[in-house]
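An overview of the molecular structure
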Amino acid sequence: MSGIVNKSADIRKIAVVGAGYVGLVSSVCLSELGHEVICLDIDRERLTKLLSGEVDIAEPGIAEWMTRNAEAGRLSFTDDYRKAIPDVDFVLICVDTPVDAFAEPDLRNLRAAVYGVADYISDGACIVLRSTVPPGTSQLVSGWLGNSGNRSISIAVQPEFFQEGRALEDCWNPIRIVVGSEKEETALLVANLWKTREAPVVVTDLATAEMIKQASNAFLATKISFINDIAGICDAVGADIDKVAEGMGHDPRIGFSYLKAGIGFGGSCLPKDLRALLHTAASKGVAVQQLEATIAVNERQREIVLRILSEHLGNLTRSSIAILGLAFKPGTSDLRDSPAIALAESLALAGATVSATDPAISSEIALRVSGILKFSPDAYSAANGADGIVLATDWEEFKNLDWQRIADSMAGKIVVDGRNYLEASRIETAGLKYIGIGRNS
Ligand code: UDX
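Residues numbered from 1 in each chain as written. Predicted model: local features only at pLDDT ≥ 70, side-chain atom pairs only at ≥ 80, totals over all residues. Heavy atoms only, no water.

Time to look at the overall build of the protein chain. Within the protein chain, the regular secondary structure consists of 17 helices and 15 strands. Over its C-alpha trace the protein chain gives a radius of gyration of 24 Å, about what one expects of a compact globule, namely 22 Å for 441 residues. Principal-axis analysis of the C-alpha atoms places the extent of the protein chain at approximately 75 × 45 × 40 Å. Within the span of the protein chain, comprising 441 residues, buried residues form 52% of the whole. Sequence separation of at least 24 residues holds for 72% of the intrachain contacts in the protein chain that already meet a minimum separation of 6. On the protein chain, roughly 19,300 Å² of surface is accessible, and the fraction owed to carbon and sulfur atoms is 52%. Side chains of the protein chain give 42 positive and 57 negative charges; the mean places of these two sets differ by 1 Å. (Helix = DSSP H or I, 4+ residues; strand = E, 2+ residues; numbered from the N terminus. Rg over C-alpha atoms; globule rule 2.2 N^0.38 Å. Buried < 20%, exposed > 50% of the residue type's maximum accessible area, 1.4 Å probe, protein only. Contact = heavy atoms within 4.5 Å. Areas by Shrake-Rupley, 256 points an atom, 1.4 Å probe, with all protein chains shown as cover. Lys, Arg positive; Asp, Glu negative; His and termini not counted. Charge placed at Lys NZ, Arg CZ, Asp CG, Glu CD.)

See below:
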């Protein structure tokens with residue numbers, strides 16, 4: 001069922017469990033909508049910061065919105081379930097749900113949060129799962145709550161679709177609002193929390209809402225792996241992948257987004273959700289060749305740069321490679337499952353010396369994540385003495401580098417553009433060899 005959210009809904013009392021990415025952004029937006037929100041996090045360090053108005057996520061505008069709503073008395077923070085839960089109408093659960101080494105979703109934080117809520121939640125209240133969870137998790141939550149006999153806590157699933165770096169915008173102006181519940185009226189009550197947002201509402205059962213989130217991320221990942229496969233053919237036949245994607249994207253059935261070829265997708269969501277879906281499929285005996293291929297192509301893309309460098313530099317032992325960009329995408333300092341880090345590690349294994357720079361990352365953090373890196377403050381010092389350069393994150397800062405200055409300080413001439421972001425002609429004018437991904441270069 002689809003519709004527009006009812007604009008005349010009431011102001012509600014809401015508790016949000018987890019003040020990480022999803023929880024904090026949701027809390028801030030719900031309080032901005034006029035609701036009375038209390039956000040709970042058991043991490044004392046994070047809580048202390050929040051209480052003094054400091055935010056530990058890099059989202060434009062979030063600190064300002066948070067302060068405004070806290071000062072207006074609509075948003076508060078605590079680490080105490082006893083204080084947060086008893087009087088509220090809705091409890092949004094926004095804790096992280098990582099996958100473990102065997103790709104099995106690790107639901108321990110979720111279970112701990114539900115146990116914390118279970119002792120204090122009032123009868124008739126509703127628990128809303130915003131954490132990304134595998135299909136079937138809401139049934140587990142019902143069991144952990146002890147939702148039987150005369151206890152009547154309703155459960156809903158409302159997935160978020162936030163992109164890092166624009167989460168506030170994605171939450172405030174959602175493209176769609178998906179809510180799953182056993183009862184349609186519960187789902188509509190949850191949708192109504194976002195009352196002024198003019199977004200289509202999709203009301204489903206619980207498992208379908210859980211599937212919508214993971215399938216959406218899997219589809220985005222599949223578009224990227226698809227275009228990366230096509231890029232390989234472009235290289236072989238002398239075609240230009242960027243133009244191919246542009247020509248395809250004009251067809252509204254295809255669209256332009258997520259058709260940028262390169263060294264593949266990373267981050268905390270796309271890889272994790274794909275692995276979680278594969279795990280669900282395997283546990284149910286369902287064949288999912290497409291999803292397996294999406295992952296395989298992404299892993300191959302990370303190795304492609306290594307192959308290009310070997311082709312041009314020969315044995316990589318004792319070669320020196322500079323990596324420009326470490327974050328999994330620009331606009332964030334997130335290194336989780338970053339293709340740049342995977343590349344640095346493969347290069348080090350091949351015997352290369354690796355220098356790197358990233359405008360959002362400090363040397364301490366880079367070294368903590370990967371001990372093999374020599375971290376440099378900027379692209380010029382990273383490139384100094386390098387045999388080859390790889391652009392791994394398409395940061396604006398790298399768009400207009402002085403390539404002549406770089407060429408003069410390099411030992412070699414190779415520039416691999418892992419994001420098809422740089423202007424080949426400017427690099428070649430400086431006497432360097434430009435190689436993109438599927439760019440006929
Ligand atoms: C993603 C989804 O977009 C979001 O809806 C969901 O809620 C969380 O996961 P995010 O992790 O912030 O968001 O990353 P996104 O901006 O989607 O990019 C993912 C990766 O794909 C990045 O490494 C990016 O560089 C890469 N990418 C993206 C490409 O390689 N090509 C593209 O065309 C688009």
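From this point on, the discussion continues.
This part takes up the sheet that holds strand β15 (residues 433-435). Read from one edge to the other, the open sheet built from six strands follows the order β12-β11-β10-β13-β14-β15, with strand pairing classed as parallel. For this open sheet the edge positions go to β12 (373-375) and β15, each flanked by a neighbour on one side alone. Averaged over all pairs of adjacent strands, the angle between their axes in this sheet comes to 25 degrees, without regard to strand direction. Both strand β14 (residues 414-417) and β15 contribute to a ladder of three bridges, which runs parallel. Bridging across to β15, Val 415 finds its partner in Tyr 434. Lying on the sheet, helix α12 (residues 289-313) is in contact with β10 (320-324), β13 (388-391), β14 and β15; it crosses β14 at an angle near 160 degrees. Against the sheet, helix α13 (residues 339-349) touches β10, β11 (353-357), β12 and β13, its axis set at about 175 degrees to β10. (Pairing = 2+ DSSP bridges. Axes fitted to C-alpha atoms, helices over the stretch in contact; angles between N-to-C directions.)

On to the packing of aromatic side chains, then. Summed over the entire model, instances satisfying the criterion amount to one aromatic pair. Above the ring of Phe 161, the side-chain terminus of Arg 176 is found at 3.5 Å from the ring centroid. For Arg 405, the ring lying beneath its charged end belongs to Tyr 380, and the centroid distance is 3.9 Å. (Phe/Tyr/Trp six-rings, centres within 6.5 Å; stacked < 30°, edge-to-face > 60°. Lys NZ or Arg CZ within 6 Å of the ring centre and 35° of its normal.)

This part takes up the pattern of salt bridges. For the structure shown, the criterion picks out 19 salt bridges. Note that Glu 164 and Arg 336 form a salt bridge whose closest N and O atoms lie 3.9 Å from each other. Of this pair, Glu 164 sits in the loop between β7 (154-157) and α7 (167-172) while Arg 336 sits in the loop between β10 and α13; the two residues are 172 residues apart in sequence, bridging distant segments of the chain. For Glu 311, the salt bridge goes to Arg 307, with nearest N and O atoms at 3.5 Å. Remark: Arg 307 and Glu 311 occur in helix α12; sequence separation between them is four residues, near one turn of the helix. Glu 311 gets classed as exposed once you look at its relative accessible area, which sits at 57%. Connected through salt bridges with shared partners, the residues Asp 242, Lys 260, Asp 417 and Arg 439 form a single ionic network. (Salt bridge = Lys/Arg side-chain N within 4 Å of Asp/Glu carboxyl O.)

This next bit is on the site of the ligand. Neighbouring the ligand are 20 residues; Phe 162, Glu 164, Tyr 258, Lys 260 and Phe 328 lie closest to it. Between Phe 162 and the ligand, the recorded distance is 2.8 Å, taken from a backbone N or O atom to an oxygen atom. If the ligand stood free it would expose 680 Å²; the protein chains cover 90% of that surface. Among the elements that line the shell around the ligand, the one with the most residues is helix α9 (residues 206-237), at four residues. The class makeup of the residues in the shell around the ligand is 10 nonpolar, four polar and six charged. (Near = heavy atom within 4 Å. Polar contact = N/O pair within 3.5 Å; in protein donor to acceptor, adjacent residues only side chain to side chain. Nonpolar A, V, L, I, M, F, W, Y, C, P; charged D, E, K, R; others polar.)

A few words on the environment of Arg 166. Along the chain, Arg 166 turns up in the loop between β7 and α7. Once the C-alpha coordinates of Arg 166 and Pro 60 are considered, the two residues, 106 residues apart in sequence, prove to be 7.2 Å apart.

Regarding helix α6 (residues 137-145), the residues found buried are Thr 137, Ser 138, Val 141, Trp 144 and Leu 145. Down the axis of α6, the buried side of the element spans an arc of 110 degrees, and every buried residue falls inside it. Along its buried surface, α6 packs onto α5 (108-118), β6 (126-129), β7 and α9. Phi turns positive, to about 70 degrees, at Gly 146, one or two residues after α6. (Arc of directions from axis to C-beta.)

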